[in-house]
Amino acid sequence: MRRTPSADAGAPACATRQKTLAALAAALSAPSASERGAKLAALEGCAPLPAGVVRALRAELAPPACAEALVVPMLAAPPQGMSRAIYLTLYGHALASRVSRVAPHLPPLDLRASPTQEDVTRLAQTLTPEWEAQKALLDELGAQVLSMPASYGRTIAASALAEVSLTTVDDVVMWVAGPSTKIRRAEMGLFNAYSRGRHALYKPLVDQAVHAYLVSFRDFAALGVLDDYRANRGGIFMRKTQPYCLMSIFFDTSSALMPYPPLRKATPPSPPRRIAPDGMFPRRSWPAGALSPPFGWISSLALNTMPPELALKLPPPPPASPGSTNERLAGLLPTFYAGLLLEPSLARQPAFLRALMDKGLPAPHRAALEAADLPADVVWLHAQARLLLGLQWMRASDIERAISLASSLPRSHKVDLFLATATALRHAPDYPKAWVHDPRPLPAGFGDTRALAAIVEAAPKAPYAGEALYNLALVKEAVSSMDILESPAFKREQSKRYRDAATLLPDPWRQKALERAYNAERFVKPIPRKEKGILF
C-alpha cells in the first residue's frame, strides 16, 4: 500500500479551524478513493482537529486490508492528547481488519461428480485442518471484539465479526455441470442433505453474527446513528431472518419476503451520496454454472448502504439544502465523527439540524437541543429525529422525548398525526426483545391506537386520515399475537383497512397499501392474477 505523508501542521489548510473544516469537507467530497485518501492524509497534522481523528476517518473509508496498517503505528505510539474514544475507534478498526481477513471455508458440494447420498453425508461431516484453524482464530478474535468497552470501536469490530460469520455461512457453493443453473429434484435432495449436515457447523456462526449485531445495535443507539452502512446491513439481515419481529413490521422489508411478485412501486428520488468504504465486504462473484448458496442474499447486502425504509407514514421533514461548510460536513461525516468535530450549539440552527439528521443525532447535539426557547421549526425537526431514533433501535426514551417535543408545538394536522403515531408506539419493549421472532408479552400500553382512530373517524375527513388508517393497521399487525395474525377474520379486517387507506393516499404509498392488502387477502381467498394497481 502506498503511504501518503502527512502535511505540515503549518499548511494553509490548517491555519484556522474553519479552513481546516472546509478542507475536510472537500476531502470527503472527492470523487475517487485515492484522491480522498490523499486529501485526508494531508490534514493529519492539523492542530484544529483532535489527535488521531483523521487517521480514524482514513481507516473508516479504506478497504479492510489497509485499515490495520493505517492504525497500528498510531496505536503503538499514540500522539499527545489523543482521547480514549478515538483510541478505541482505532483499535476497533484494527480488530475489524483482522476479522475481515479470517476465512474459514469448507469444501463445496460438486454435483458434477455425481455424488451418492453416502458421499454427501461424508463430505458434510468432513472438517479440514484449515477450517479448524481459521474457525479457532475467528473465535479468538470474536472474544476480543465482544470484550471491548462500549464504544464506536466496538461497533465497528462487532459489525465486521457478524459479516464475516455470515459470509462464511454463505460460502456453501453448489456446482452443477454446464452453464445452466437449473437442477433436478434428485440433485436438490442431495444438496438439502448436505445443508442439513453442515447445519451443526454453521449455526454457531449465525448465532455469533446475531449476538454481534445486537451488541453493535446497542452502541449505534447510544451514538444516535440513523444511517450507517454497517447498521443498515445488520438491520436488513436481522429483519429478514426475523420477519415477524417488531422491527420487520415497522420497516418495509415485507416485499423482499413475498413469494408472489411484488406490486409496482414508484421510482424513488435519487438519494444523496453517502460515504461508504471502498471494497468493504464486496459482493462475491459466483462462477458460471454455480447456484447461489443458502443465505445467498447475505452477500448482496454488501452493496446496500441505504438506510431502511420506514413503513409508517409520517409527515416528511423539509428537504435538506446544505450551504455552509458545517452543514456540508453534517451530511458527510458519520455520526460519531460529527459529534467530535461539529460544534453542538449548531444543532439549534434549522438548516444544520436538517442536514445532520440524515445521518443521525450525536449525543452532544442532543444535549444542546435540550435548551429552552428554541424556534418551533427546530423543535419539530428534533421531534422527528428522536422518533426515528426510537423506531430505528426501539428505544422508549427517544419515543417519549419525541412526544414531549411535539406536544409543545402549535396543533396542526401533521402534528396530530405525528403525536397519534408516536403515542401508539410509546412503552416500547427493550431493544433485544424487539428483534426476536415473537417478542411476547409486549409491555402494557404499547400499541394504543385510539388517537389514530380518532383521526380516521373525524368528520369531515381529516387531511391525514389515510396516513392515520395505514399506521393504525401497521400497529395492529405489530401488537397482535401469532394466533390472531393467522386468523382469516383478522386478515380480512386488515385488508379492508389497507384498501380504505389506499383510496386516501397518493403514490407510492397507495401502492404500498395495496400490496399489504394483497398479502393479507392471498392467505384467505384466491387472488385474481390481474388486479388494478398490481403488476405481475
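Residue positions are counted from 1 within each chain, in the order its sequence is given. In keeping with the predicted nature of the model, local features appear solely for residues at pLDDT of at least 70, side-chain atom pairs appear and are counted solely at 80 or more, and the whole-chain, interface and lining totals rest on all residues. Neither water nor hydrogens contribute to the side-chain values; these are computed over all heavy atoms in the structure.

Chemist: How do you make sense of the overall build of the chain when you look at a structure like this?
Modeler: Secondary structure assignment for the chain yields 26 helices and three strands. Burial classification: accessible surface area is computed with a 1.4 Å probe over protein chains only, and a residue below 20% of its type maximum counts as buried, one above 50% as exposed, and the rest as partly exposed. The buried share of the chain, taken over its 536 residues, is 52%. In the structure as shown, the chain presents an accessible area of about 23,400 Å², 58% of it carried by carbon and sulfur atoms. What counts as a helix is a DSSP run of H or I of at least four residues, what counts as a strand is a run of E of at least two, and both are numbered from the N terminus. Only the protein chains shown count as cover for residues, and all accessible areas are computed by the Shrake-Rupley method using a 1.4 Å probe.

Chemist: Whenever I open this one, the side chain of Asp-398 confuses me. Can you help?
Modeler: Turning to its location among the elements, Asp-398 is positioned in helix H19 (residues 396-407). By definition, residues are in contact when any of their heavy atoms lie within 4.5 Å. Ignoring any residue separated from it by four or fewer positions in sequence, one finds Asp-398 in contact with Arg-386, Leu-387, Leu-389 and Gly-390.

Chemist: What is the right way to look at the state of the cysteines in this model?
Modeler: Two cysteines form a disulfide when their sulfur atoms are joined by a covalent bond. Cysteine sulfur atoms that pair up within 2.5 Å are treated as a disulfide. For the coordinates displayed, the defined rule picks out one disulfide. Here Cys-14 engages in a disulfide with Cys-46; their sulfurs sit 1.9 Å apart. Linking Cys-14 and Cys-46, the disulfide has an S-S dihedral of approximately -50° and is accordingly described as left-handed. Within this pair, whereas Cys-14 is found in the segment before helix H1 (17-28), its partner Cys-46 is found in the loop between helix H2 (33-41) and helix H3 (53-61), the two being separated by 32 residues in sequence. The pair formed by Cys-14 and Cys-46 is uniform in burial state, with each residue classed as buried.

Chemist: Help me out: how do you make sense of helix H5 (residues 84-100) in this one?
Modeler: Counting along an α-helix, one turn takes 3.6 residues, and residues three or four places apart therefore face a common direction. Between the first and last residue of a helix there are one fewer steps than residues, each counted as 1.5 Å, and that sum is the expected span. Look at H5: 24 Å from first C-alpha to last across 17 residues, which is about the 24 Å you get at 1.5 Å a residue. Every buried residue of H5 is listed here: Ile-86, Leu-88, Thr-89, Leu-90, Gly-92, His-93, Ala-94, Leu-95, Ala-96, Ser-97 and Val-99. The inward-facing, buried residues of H5 contact H3, helix H4 (64-76), helix H7 (129-146), helix H8 (152-169) and helix H15 (335-341).

Chemist: How do you make sense of H19 when you look at a structure like this?
Modeler: Here H19 contains 12 residues, and its C-alpha end-to-end distance of 17 Å stays within 8% of the 16 Å for a straight helix at 1.5 Å per residue. Within the span of H19, buried status applies to Asp-398, Ile-399, Ala-402, Ile-403, Leu-405 and Ala-406. End-on view of H19: buried residues confined to an arc of 165°, all on one side of the axis. Against the buried residues of H19 lie helix H18 (376-393) and helix H20 (413-425). An arc is given here, and it is the one of the directions from the helix axis to the C-beta atoms.

Chemist: Whenever I open this one, the pattern of salt bridges confuses me. Can you help?
Modeler: Between side chains of opposite charge, a pair can form as their charged atoms come close. For salt bridges, the criterion is a side-chain nitrogen of Lys or Arg within 4 Å of an Asp or Glu carboxyl oxygen. Within this structure, the stated rule accounts for 25 salt bridges. For the salt bridge of Asp-358 with Arg-354, the shortest nitrogen-to-oxygen distance reads 2.9 Å. We classify Asp-358 as partly exposed; its relative accessible area is 30%.

Chemist: Before we go on, may I ask you to explain the packing of aromatic side chains in this structure?
Modeler: Here the distance between the centres and the angle between the planes together describe a pair of aromatic rings. For this analysis, a ring pair means two rings from Phe, Tyr or Trp (six-membered ring only for Trp) whose centres lie within 6.5 Å, classed as stacked if their planes differ by under 30 degrees, edge-to-face if by over 60, and tilted for the remaining angles. According to the stated counting rule, one finds 12 aromatic pairs in the structure shown. Taking the centre distance of 5.2 Å and the plane angle of 65° together, the rings of Trp-380 and Phe-418 count as edge-to-face. One end of the pair, Trp-380, is in helix H18; the other, Phe-418, is in helix H20, with 38 residues separating them in the sequence. Ring geometry for Tyr-470 versus Trp-509: centroids 5.6 Å apart, planes at 85°, classification edge-to-face. With Tyr-470 in helix H23 (residues 465-479) and Trp-509 in helix H26 (residues 509-521), the pair connects residues that are 39 residues apart, well separated along the chain. Here Tyr-470 and Trp-509 have matching classes, each one buried. Comment: the charge-over-ring label is applied if NZ (Lys) or CZ (Arg) is within 6 Å of the ring centre and within 35 degrees of the ring normal. Directly above the ring of Trp-509 sits Lys-512, whose terminal nitrogen or CZ lies 4.0 Å from the centroid.

Chemist: Before we go on, may I ask you to explain the side chain of His-93 in this structure?
Modeler: As for its placement among the helices and strands, His-93 is situated in helix H5. Contacts of His-93, omitting those with residues within four sequence positions, involve Ala-56, Ala-59, Glu-60, Ala-67, Val-71, Ile-156 and Tyr-337.

Chemist: Is there a simple way to think about the packing of H7 against H8 in this case?
Modeler: Packed helices, taken two at a time, are described by their axes: the angle between them and the distance between them. The geometry of H7 relative to H8 is characterised by a closest axis approach of 9 Å and an angle of 155° between their N-to-C directions. Between H7 and H8, the angle is such that the two are roughly antiparallel. Every pair of crossing elements has a handedness; the one defined by H7 and H8 is left-handed. The segment H7 lies against H8, with Trp-131, Leu-138, Gly-142, Val-145 and Leu-146 engaging Arg-154, Ala-157, Ala-158, Leu-161, Val-164, Ser-165 and Thr-168. Throughout, an axis means a line fitted to C-alpha atoms (over the contacting stretch in the case of helices), and angles, computed between N-to-C directions, take values from 0 to 180 degrees. By the definition adopted for this analysis, an angle is roughly parallel if under 35 degrees, roughly antiparallel if over 145, roughly perpendicular if from 65 to 115, and oblique otherwise. Two helices that cross are described as forming a left-handed crossing if the nearer one is turned anticlockwise from the farther one by less than a right angle, and a right-handed crossing if clockwise.

Chemist: Would you mind showing me how to read the environment of Ile-249 here?
Modeler: Within the secondary structure, Ile-249 is located in helix H11 (residues 246-250). Judged by relative accessible area, which is 7%, Ile-249 ranks as buried. Expressed as a C-alpha distance, the spacing of Ile-249 and Leu-310, which sit 61 residues apart in the sequence, is 9.3 Å. Setting aside chain neighbours within four positions, we find Ile-249 in contact with Tyr-244, Ala-311, Leu-474, Glu-477, Ala-478 and Arg-516.

Chemist: Would you take a moment to explain the confidence of the model for the chain for this structure?
Modeler: Reading predicted coordinates in detail is not appropriate for stretches of low pLDDT. A residue-level look at the chain finds 82% of positions with pLDDT of 70 or above and a mean pLDDT of 80. Low confidence marks residues 1-5, where pLDDT is under 50. Its contacts with residues over four positions away, or in another chain, come to seven contacts. Contacts of residues 173-181 to residues separated by more than four positions or lying in other chains number 30 contacts, the stretch itself having pLDDT below 50. As a per-residue measure, pLDDT tells how confident the predictor is, with possible values from 0 to 100.

Chemist: Got a minute to help me understand unusual backbone geometry in this structure?
Modeler: Trans is the common state for peptide bonds, and a negative phi is the common state for residues other than glycine. The omega angle of the peptide bond from Ala-459 to Pro-460 is 0°, so this bond is cis rather than trans. Positionally, Pro-460 belongs in the loop between helix H22 (450-457) and H23. Following Asp-507, the chain continues into Pro-508 via a peptide bond in cis, with omega recorded as 5°. Inspection of the secondary structure assignment puts Pro-508 in the loop between helix H25 (488-502) and H26. Unlike most non-glycine residues, Met-394 shows phi in positive territory, near 50°. Its location among the elements puts Met-394 in the loop between H18 and H19. Although it is not a glycine, His-427 adopts a positive phi angle of roughly 60°. Counting through the fold element by element, His-427 comes out in the loop between H20 and helix H21 (431-435).

Chemist: Explanation requested: the nonpolar core in the structure shown.
Modeler: Side chains that are nonpolar tend, in soluble globular proteins, to be buried together. As used here, the term nonpolar core means buried Ala, Val, Leu, Ile, Met, Phe, Trp, Tyr and Cys residues forming a set that is joined through side-chain atoms within 4.5 Å. Membership of the largest hydrophobic core comes to 146 residues, with the highest contact counts inside it found for Leu-24, Phe-217, Phe-250 and Leu-333. No other element matches the 12 residues that helix H9 (residues 185-223) contributes to this core. Setting aside residues no more than four positions away along its own chain, Leu-24 makes contact with Leu-40, Leu-43, Leu-57, Leu-329, Leu-333 and Leu-341. Membership of the second largest hydrophobic core comes to eight residues, among which are Leu-111, Leu-190, Ala-193 and Tyr-194.

Chemist: What's the story with the packing of H20 against H23 in this structure? I'm lost.
Modeler: Where H20 contacts H23, the two axes come as close as 10 Å, and the packing angle between them is 5°. On the basis of their axis angle, the class for H20 and H23 is roughly parallel. Taking contact as the criterion, the partners of Leu-417, Thr-421, Ala-424 and Leu-425 in H20 are, on H23, Glu-467, Ala-468, Asn-471 and Val-475. Residues were grouped as follows: Ala, Val, Leu, Ile, Met, Phe, Trp, Tyr, Cys and Pro as nonpolar; Asp, Glu, Lys and Arg as charged; and all remaining residues, including Gly, as polar. Here the residues of the contact of H20 with H23 are counted per class, giving five nonpolar, two polar and one charged.

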